[in-house]
Amino acid sequence: SAVTTNLKLGTGICLLPERNPLLLAKEVATLDMYSDGRFLFGIGAGWLREETEIMGGDFPHRWTQTREAVEALKQLWTTTKSEYHGRYYDFPPVYSFPRPVQRPHPPILLGGMAPNVLKRVVTWGDGWFPNRVTPQEVARGRATLDELAEAAGRDPATIEISIFGKGADSDELRRFEDAGAVRVAVRLETAPEDESLAEMEKIDRAVLP
């Protein structure tokens, strides 16, 4: 974010039951500040019981805990004296700085393919961020999101679909766009710097006009 001007910066994904929202609010706001409002907050609830529990999460109710974390984060980002009183998080009025550049806060993108994830997106998220998904599944998800949003009195256009972890296949990326996705994060494998830069050049040639 320090050497670019338009590339987005995001998490793919941040597991909220494993983090304290009082600290996380500052971390996300700091990233949004340094990137001048280019941060995308991809979140999830986790899938590995042992990892969730050792980090203090309630695995059987991890999505309930995740929803509370989001509610607490929104309070910390949008109010001067922020407080929250829930089952998992409970804190008195506090000041939390810095504030995110984006108002009211960075987009919150919910990961996952569970049956209820689209309902959660409509109720308290800003977008859907699936992994290991096909264009056909995205098209069905887009239609469901539109239907659920209209039933809830929400403008479907306020809900974006972003895809995580795909290869540099321009035809497939175009199919995702046709299905309703606004962006696709192309996977870059972990490698030494020179190899990573070379791979990025290959991705550039493969997917950009």
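Residues numbered from 1 in each chain as written. Predicted model: local features only at pLDDT ≥ 70, side-chain atom pairs only at ≥ 80, totals over all residues. Heavy atoms only, no water.

Before going further, it helps to spend a moment on the packing of aromatic side chains. Aromatic ring pairs are described here by two measures, namely the spacing of the ring centres and the angle between the planes. For the structure shown, the criterion picks out six aromatic pairs. When the centroid spacing of 6.3 Å and the interplanar angle of 50 degrees are considered together, the rings of Trp63 and Trp124 count as tilted. With Trp63 in helix H3 (residues 62-78) and Trp124 in helix H4 (residues 117-124), this residue pair connects regions lying 61 residues apart in the sequence. Residue Trp124 is classed as buried on the basis of its relative accessible area, which comes to 10%. Three or more aromatic residues joined by ring pairs form one cluster here, namely Phe39, Phe41 and Trp77. (Phe/Tyr/Trp six-rings, centres within 6.5 Å; stacked < 30°, edge-to-face > 60°. Helix = DSSP H or I, 4+ residues; strand = E, 2+ residues; numbered from the N terminus. Buried < 20%, exposed > 50% of the residue type's maximum accessible area, 1.4 Å probe, protein only.)

Grouped together as the largest cluster of nonpolar side chains are 38 residues, with contacts concentrated most on Leu16, Phe41, Ile43, Trp77, Leu110 and Leu145. Residue assignment for this core shows that the elements contributing at least two residues are helix H1 (21-34), strand S3 (39-44), H3, strand S6 (108-111), H4, helix H5 (135-151), strand S8 (160-166) and helix H6 (170-179). The element that contributes the greatest number of residues to this core is H3, accounting for seven residues. If we skip the residues at most four places from it in the chain, Phe41 touches Thr11, Cys14, Leu16, Leu24, Val28, Leu73, Trp77, Pro107, Ile108 and Leu109. (Core = buried A, V, L, I, M, F, W, Y, C linked by side-chain atoms within 4.5 Å. Contact = heavy atoms within 4.5 Å.)

We now examine the pairing of S6. Residues Ile108 and Leu110 point to one face of S6 and Leu109 and Gly111 to the other, with burial holding for every one of them. Pairing of S3 with S6, which is carried by three bridges, proceeds in the parallel orientation. By the bridge assignment, Gly42 is partnered in S6 with Leu109. Of the strand pairs in this sheet, S6 and strand S7 (residues 127-129) are connected by three bridges, and their pairing is parallel. The partner of Leu109 across the bridge, within S7, is Gly127. As a crossover connection, the stretch from S6 through H4 into S7 is right-handed. (Pairing = 2+ DSSP bridges. Right-handed = clockwise from strand over helix to strand, strands pointing away.)

Next up on the list: the packing of H4 against H5. For the pair H4 and H5, the least separation of the axes is 10 Å and the interaxial angle reads 45 degrees. As judged from the angle between their axes, H4 and H5 are oblique. Taken as a pair, H4 and H5 cross one another with a handedness that is right-handed. Residue-level contacts link Leu118, Lys119, Val121 and Val122 of H4 to Gly141, Thr144, Leu145, Leu148 and Ala149 of H5. When grouped by side-chain class, the residues that make up the contact of H4 with H5 number six nonpolar, two polar and one charged. (Axes fitted to C-alpha atoms, helices over the stretch in contact; angles between N-to-C directions. Parallel < 35°, antiparallel > 145°, perpendicular 65-115°, else oblique. Left-handed = near helix turned anticlockwise from the far one by under 90°. Nonpolar A, V, L, I, M, F, W, Y, C, P; charged D, E, K, R; others polar.)

Okay, the layout of surface pockets next. Looking at the largest pocket, its volume works out to about 1400 Å³. In this structure, the largest pocket is lined by 37 residues; those nearest its centre are Leu7, Lys8, Val184, Ala185 and Val186. Elements supplying a minimum of two residues to the lining of the largest pocket: strand S1 (9-10), S3, S8, H6, strand S9 (183-186) and helix H7 (193-207). Its residues placed into classes, the lining of the largest pocket shows 20 nonpolar, ten polar and seven charged. The computed volume of the second largest pocket comes to approximately 390 Å³. As for the second largest pocket, its lining consists of 19 residues, and the residues nearest its centre are Ile13, Trp47, Gly111, Gly112 and Asn131. Residue composition of the lining of the second largest pocket, by class: eleven nonpolar, six polar and two charged. (1 Å grid on protein atoms, 1.4 Å probe; cavity = no way out; pocket = protein on both sides within 12 Å on 5 of 7 lines; lining within 4 Å. Points joined across faces, edges and corners; volume = space filled by probe spheres on them.)

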